[in-house]
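Commentary on secondary and tertiary structure
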Amino acid sequence: MNVRQDAIGNIFARWRGTEPSAPAVGTGSHIDAIPNAGKYDGVVGVLGGLEAIRSLQRSGFRPEHSIELLVFTSEEPTRFGIGCLGSRMLSGTMSVDVARRLTDKKDVPLEEVRRDAGLSGSLEEVKLTNGYYKAFVELHIEQGPLLERQKIPLGVVTRIAAPASLRVSVEGAGGHAGGVLMPDRRDALCAASELILAVENAARTSGAADTVATVGICEVFPGAVNSIPSRVHLSVDVRDTNLERRDGVMRAIEAAGQTIAEKRQVSIREELLNADAPAECAAAIIEALSESCVRHQLAYTPMVSRAYHDSLFMSRIAPVAMLFIPCRNGYSHRPDEYASPEDIARGTLVLAETLAALAA
Ligand code: GLV
Ligand code: MN
Ligand code: MN
């Protein structure tokens, strides 16, 4: 395969088809991880995609459309605070100007990180044209318990839920934990605690099981046992399959922030990091995936992805679909995440046949 890396670090490995100028069929995922992560999230889609291509090569198949494996940069928000950096830029969902203003969690600008990684190309060249891909299909672990519970080995994704996230800063007043009396306090952590519960409540009362909201980061300053917290940073992550409902939860969180700020005499600033629309998967790819499952007498079920993926952003420039395999107990984003070799092999087989059908 011909391998290239773009200016944001996305890696492309292309197996040239007999019609090299025709739109390619893409597959792939990510190999970065969150803190305390497992080993399968993303990696299954990269190694599974590589093995699918190699097995097609071994079988003597010759694709008409090129087949391309993609390894996306920074799918997780771990380093730059926003997920799917590589696919956001490939699809033009994130502008070059916004990307240039990003800093990592040590405040190192993206441009410096790129330079240190040897990525000297221009960010303007990252965006792919509409029509670059004929189809994009991503293999991934489910990251939830449904396939395992239903004893179904494969899930064909029809829709990807809409994610949004906020960075929240709460500013109160610090002081001596012994000296400042309770009526005089403006404790930033106490205010943040009320907001965290308001986030949970907003999702719980949305009326739909698909609404989820999480505060996963809480940084407390100055972080001393005998000092009143003066400042707190929170992350808020909200998702739903329904965009209006997701945005309703976002508005409820904003309103709760104003009420709490007034009541506790602190300032609460909410910065919207992303609010993305959901994606619909393409009927033709869903059909190709389903046909392969049927051919091998593998049970499958249509499903919604509640996690986000690079496919969410690739859907802005290409038809996409995803194939899910079970993961033990539905565990993901934790070190005991696991998918069996048998499940990975089944997913890779169906992926390979789907790539072949789309690239023929
Ligand atoms: C991806 O890792 C997600 O948070 O859905
Ligand atoms: Mn992940
Ligand atoms: Mn992933």
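To be clear, the structure that these remarks concern was listed above.
Here the structure is a predicted model, which is why all the values come from computation and not from measurement.

What follows concerns the coordination of the manganese ion (ligand 3). Of the protein atoms, only His30 (NE2), Asp41 (OD) and His140 (NE2) coordinate the manganese ion (ligand 3), at distances of 2.0 to 2.2 Å. Considered as a linear motif, the donors of the manganese ion (ligand 3) on their single chain read H-x10-D-x98-H. The metal-metal distance between the manganese ion (ligand 3) and the manganese ion (ligand 2) is 3.7 Å, with Asp41 coordinating both. In this pair, His30 sits in strand β3 (residues 24-30) while His140 sits in strand β5 (residues 133-141), placing the two residues 110 residues apart along the sequence. Take His30: its relative accessible area is 0%, and that puts it in the buried class.

Turning next to the site of ligand 1. Around ligand 1, the neighbouring residues are Glu75, Glu76, Arg239, Ala307, Tyr308 and His333. Take Arg239: an N or O atom from its side chain is 2.7 Å from an oxygen atom of ligand 1. Taking Tyr308, its main chain carries an N or O atom lying 2.9 Å from an oxygen atom of ligand 1. Relative to its unbound accessible area of 190 Å², ligand 1 is 93% covered by the protein chains. Residue composition of the shell around ligand 1, grouped by class: 2 nonpolar, 1 polar and 3 charged.

For the rest of this paragraph, the subject is the coordination of the manganese ion (ligand 2). On the protein side, the manganese ion (ligand 2) has Asp41 (OD), Glu76 (OE) and His333 (NE2) as donor atoms, found 2.0 to 2.1 Å from it. Coordination of the manganese ion (ligand 2) draws on donor residues from a single chain, spaced D-x34-E-x256-H in sequence. According to the relative accessible area criterion, Asp41 is buried, its value standing at 8%. Among the residues examined, His333 registers a relative accessible area of 38% and is labelled partly exposed.

Strand order in the open sheet made by the 4 strands is β9-β11-β7-β12, with antiparallel pairing throughout. In the strand order of this sheet, the two ends are held by β9 (212-221) and β12 (267-275), each with one partner. Taken over all neighbouring pairs, the strand axes of this sheet differ in orientation by 15 degrees on average, direction set aside. Looking at chain direction, strand β7 (residues 162-171) and strand β11 (residues 231-240) are connected through 10 bridges and run antiparallel. Note on β11: the bridge partner recorded for Leu166 is Val236.

Another point: the layout of surface pockets. Considering only enclosed or pocket space, the second largest pocket measures out at about 210 Å³ in volume. Around the second largest pocket, the lining is made up of 13 residues, and of these Ile8, Thr73, Val113, Ala117 and Leu119 lie nearest the centre. The dominant element in the lining of the second largest pocket, judged by the number of residues it contributes, is helix α4 (residues 110-116), at 3 residues. Its residues assigned to classes, the lining of the second largest pocket comprises 7 nonpolar, 4 polar and 2 charged.

The next subject is the packing of aromatic side chains. The full count for this structure, using the stated rule, is 5 aromatic pairs. When the ring of Tyr40 is compared with that of Tyr338, the centres are 5.7 Å apart and the planes differ by 75 degrees; the resulting orientation is edge-to-face. Of this pair, Tyr40 sits in the loop between β3 and α1 (43-59) while Tyr338 sits in the loop between β15 (320-325) and α10 (341-359); the two residues are 298 residues apart in sequence, bridging distant segments of the chain. Judged by relative accessible area, Tyr40 falls into the buried class, the value being 18%. Between Phe72 and Phe136, the ring centres sit 5.7 Å apart and the planes meet at 70 degrees, which makes this aromatic pair edge-to-face. On the criterion of sequence distance, the pair formed by Phe72 in strand β4 (residues 67-72) and Phe136 in strand β5 is long-range, its members being 64 residues apart.

Turning our eyes to something else, we now look at the nonpolar core. Ranked by size, the top nonpolar core spans 49 residues in total, and within it Ile285, Leu289 and Leu355 carry the most contacts. Looking at this core, the element that brings in the most residues is α10, giving 7 residues. The contact partners of Ile285, leaving out residues within four places of it in the chain, are Ala135, Phe136, Val137, Pro319, Val320, Ala321, Thr354 and Leu358. In terms of nonpolar packing, the next biggest core, distinct from the first, is built from 27 residues, Phe72, Ile82, Leu85 and Ala99 among them.

What counts and what doesn't
- Residues numbered from 1 in each chain as written.
- Chains lettered and ligands numbered in written order.
- Predicted model: local features only at pLDDT ≥ 70, side-chain atom pairs only at ≥ 80, totals over all residues.
- Heavy atoms only, no water.
- Donors = N, O, S within 2.8 Å, 3.2 Å for Na, K, Ca; no water.
- Helix = DSSP H or I, 4+ residues; strand = E, 2+ residues; numbered from the N terminus.
- Buried < 20%, exposed > 50% of the residue type's maximum accessible area, 1.4 Å probe, protein only.
- Near = heavy atom within 4 Å.
- Polar contact = N/O pair within 3.5 Å; in protein donor to acceptor, adjacent residues only side chain to side chain.
- Areas by Shrake-Rupley, 256 points an atom, 1.4 Å probe, with all protein chains shown as cover.
- Nonpolar A, V, L, I, M, F, W, Y, C, P; charged D, E, K, R; others polar.
- Pairing = 2+ DSSP bridges.
- Axes fitted to C-alpha atoms, helices over the stretch in contact; angles between N-to-C directions.
- 1 Å grid on protein atoms, 1.4 Å probe; cavity = no way out; pocket = protein on both sides within 12 Å on 5 of 7 lines; lining within 4 Å.
- Points joined across faces, edges and corners; volume = space filled by probe spheres on them.
- Phe/Tyr/Trp six-rings, centres within 6.5 Å; stacked < 30°, edge-to-face > 60°.
- Core = buried A, V, L, I, M, F, W, Y, C linked by side-chain atoms within 4.5 Å.
- Contact = heavy atoms within 4.5 Å.

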